[in-house]
Amino acid sequence: MVCRCEEERLVLARAGIRVHLGGFVGDDESDNVELASSTKPMMLSMVKVTKKGVSRLTKTAKRGGDKKWKLDHLPPDLRNDFTNKLVPMAKCLAGTMLDPWSGLSADQVQDLVDEVFPDHEITVVPDDVWCGLISYRLSNWRNGFVNAAKDAIERLVTATLEENPEADIRELVAHYTTPRGDPPTTPYMWRKWTVNSNTLQIAKSGRLQNRLVIYTLAQAHFADYDEVPNPMELEKSELPCGALILAIQAVEHVFKWWQTGHFVEDKNTSGFFSADNYADSVKRVIGADGRAKNTLFLVAGRFKRAVESLDVETHWVPMFEDITTTLHHVIEKRRRKSRSQSVSSAASSDFIVESDMELLFESDGDED
């Protein structure tokens, strides 16, 4: 009796398909070798079929050998609108996200591409040229917050020294960055912060509206706008919550470079203004019950509840007024240039959240 596997080998052999134990018949072997093997007693017969792997292009190959996506990878007729329309829209969208470090999804980029290029059939997929270029531009956008915060704090230091040449800048930085009060917050997160010299009681108001933060937000996010919008006309989802969080974090980041009283930039990776250092992260932590649990550590997320709770009329309106004042000369200059050129543009139970890391803000006045 010949086993079924053996019968299949015989059929294949008679059909001219050379198969032997463990693989195909070599070019120097004959069919007789295969046929003869079928007459011998066998304990096990195995036909090995090897499927040739499908080669996949690497990311570098997709980019034509380049290490990164470049604007040149886009069709020439799309590059101008990508830079002048799509990128500003991507920044605006990223600025509304409560997690400004997460970037845009392929679906979000697709929506923007469809809006800017309605006459082109373009399909966006993760890691393609569209997602890649937008990711690079948003990285530059986030870094812009550090540059703006650096300028803001340099102005603060300069003004302080002009008023008092003997001022201790290290004490100034400590004043702005030392948490105080109950719940504890820091002066650079408030518009007004005063301490009674006799009672040491702290009076504060205007949460998240410190001039350092507003200046940073204005220069890093709104400087490219043709007009600063009226927050009363915006949907809640259109408010720049994520951009505000980045501005707060950027001010916090730059203050670290001034802790000694002198500007010393930390150029180690631990000193970068990056998602690794300023985005929320999930880590496995052994709990009191001895079980490993996924634990969410809040960094940018510390400000989420406070930013979400900002009232349009009480908080966003005065912030936007300050932004408009800060950018008055920039916007007027752009308007004059635009008029002269006649050009306009648009811009689970095993998951734990470290809630004690979240910042709470309580004002001492009727309005905060």
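In this text, all values refer to a predicted model and were calculated from it rather than measured experimentally. (Residues numbered from 1 in each chain as written. Predicted model: local features only at pLDDT ≥ 70, side-chain atom pairs only at ≥ 80, totals over all residues. Heavy atoms only, no water.)

## Concerning the pairing of strand E4 (residues 202-207)
Residues in a regular strand project their side chains so that they alternate between the two faces of the sheet.
Item 1. Sheet analysis places strand E3 (residues 190-195) next to E4, joined by 5 bridges and oriented antiparallel. Residue pairing across strands places valine 195 opposite isoleucine 202, the latter belonging to E4.
Item 2. Connecting the antiparallel pair E3 and E4 is a turn made up of 6 residues, with leucine 200 showing a positive phi of about 65 degrees. (Pairing = 2+ DSSP bridges. Helix = DSSP H or I, 4+ residues; strand = E, 2+ residues; numbered from the N terminus.)

## Some thoughts on the nonpolar core
Item 1. Core analysis: the largest hydrophobic core is formed by 83 residues, its most contacted members being Trp130, Phe145 and Leu244.
Item 2. Top element by residues in this core is helix H6 (residues 129-163). It accounts for 15 residues. (Core = buried A, V, L, I, M, F, W, Y, C linked by side-chain atoms within 4.5 Å. Buried < 20%, exposed > 50% of the residue type's maximum accessible area, 1.4 Å probe, protein only.)

## Notes on helix H9 (residues 241-256)
Item 1. Compared with an ideal rise of 1.5 Å per residue, which puts 16 residues at 22 Å, H9 spans 23 Å between its outermost C-alpha atoms and is within 8% of the ideal.
Item 2. Among the 16 residues in H9, 15 count as buried, and that is most of the element. (Expected span 1.5 Å × (residues − 1).)

## Examining the confidence of the model for the protein
Item 1. On average, residues of the protein score 81 in pLDDT, and 73% of them reach the 70 mark or higher.
Item 2. Low pLDDT (under 50) marks residues 341-357, which in the prediction has 28 contacts with non-local residues, meaning those over four places away or in another chain. (pLDDT = per-residue confidence, 0-100. Contact = heavy atoms within 4.5 Å.)

## Things to note about the packing of helix H8 (residues 211-222) against H9
Axis angle and axis distance: for two packed helices, these are the angle between their axes and the distance between the axes, and together they describe the pair.
Item 1. Between H8 and H9, the shortest axis-to-axis distance is 9 Å and the interhelical angle comes to 115 degrees. Seen along the crossing, H8 lies across H9 with a hand that is right-handed. On H9, the residues touching Leu212, Val213, Thr216, Leu217 and His221 of H8 are Ala243, Leu244, Ala247, Ile248, Ala250, Val251 and Phe255.
Item 2. In the contact of H8 with H9, the residues fall into 10 nonpolar, 2 polar and no charged. (Axes fitted to C-alpha atoms, helices over the stretch in contact; angles between N-to-C directions. Left-handed = near helix turned anticlockwise from the far one by under 90°. Nonpolar A, V, L, I, M, F, W, Y, C, P; charged D, E, K, R; others polar.)

## Remarks on the packing of aromatic side chains
Item 1. Scanning the entire structure with this criterion turns up 12 aromatic pairs.
Item 2. Aromatic ring contacts, followed pair by pair, group Phe222, Tyr225, Trp316 and Phe320 into a single cluster.
Item 3. Over the ring of tryptophan 190 we find lysine 204; its NZ or CZ atom is 5.5 Å from the centre of that ring.
Item 4. Sitting over the face of the ring of phenylalanine 297, lysine 283 holds its NZ or CZ atom 5.6 Å from the ring centroid. (Phe/Tyr/Trp six-rings, centres within 6.5 Å; stacked < 30°, edge-to-face > 60°. Lys NZ or Arg CZ within 6 Å of the ring centre and 35° of its normal.)

## Considerations on the side chain of glutamine 110
Item 1. Along the chain, glutamine 110 turns up in helix H5 (residues 106-116).
Item 2. We classify glutamine 110 as buried; its relative accessible area is 15%.
Item 3. Sequence-distant contacts of glutamine 110, that is, excluding residues within four places in its chain, are made with Ile122, Thr123 and Val124.

## Topic: the side chain of histidine 221
Item 1. The topology assignment puts histidine 221 in helix H8.
Item 2. A polar side-chain atom of histidine 221 sits 3.5 Å from a polar atom in the side chain of tyrosine 225.
Item 3. Setting aside residues no more than four positions away along its own chain, histidine 221 makes contact with Lys91, Cys92, Gly95, Trp141, Phe145, Thr216, Pro240 and Ala243. (Polar contact = N/O pair within 3.5 Å; in protein donor to acceptor, adjacent residues only side chain to side chain.)

## Quick notes on the packing of H6 against H9
Item 1. Put simply, H6 and H9 touch, their axes get as near as 8 Å, and they point 55 degrees apart. By the angle between their axes, H6 is oblique relative to H9. Once H6 is placed against H9, the crossing between them reads as right-handed. Mapping the contact onto sequence places Trp141, Arg142, Phe145, Val146, Ala149, Lys150, Ile153 and Leu156 in H6 and Ala243, Leu246, Ala247, Ala250, Val251, His253, Val254 and Phe255 in H9.
Item 2. Among the residues forming the contact of H6 with H9, the class breakdown is 13 nonpolar, 1 polar and 2 charged. (Parallel < 35°, antiparallel > 145°, perpendicular 65-115°, else oblique.)

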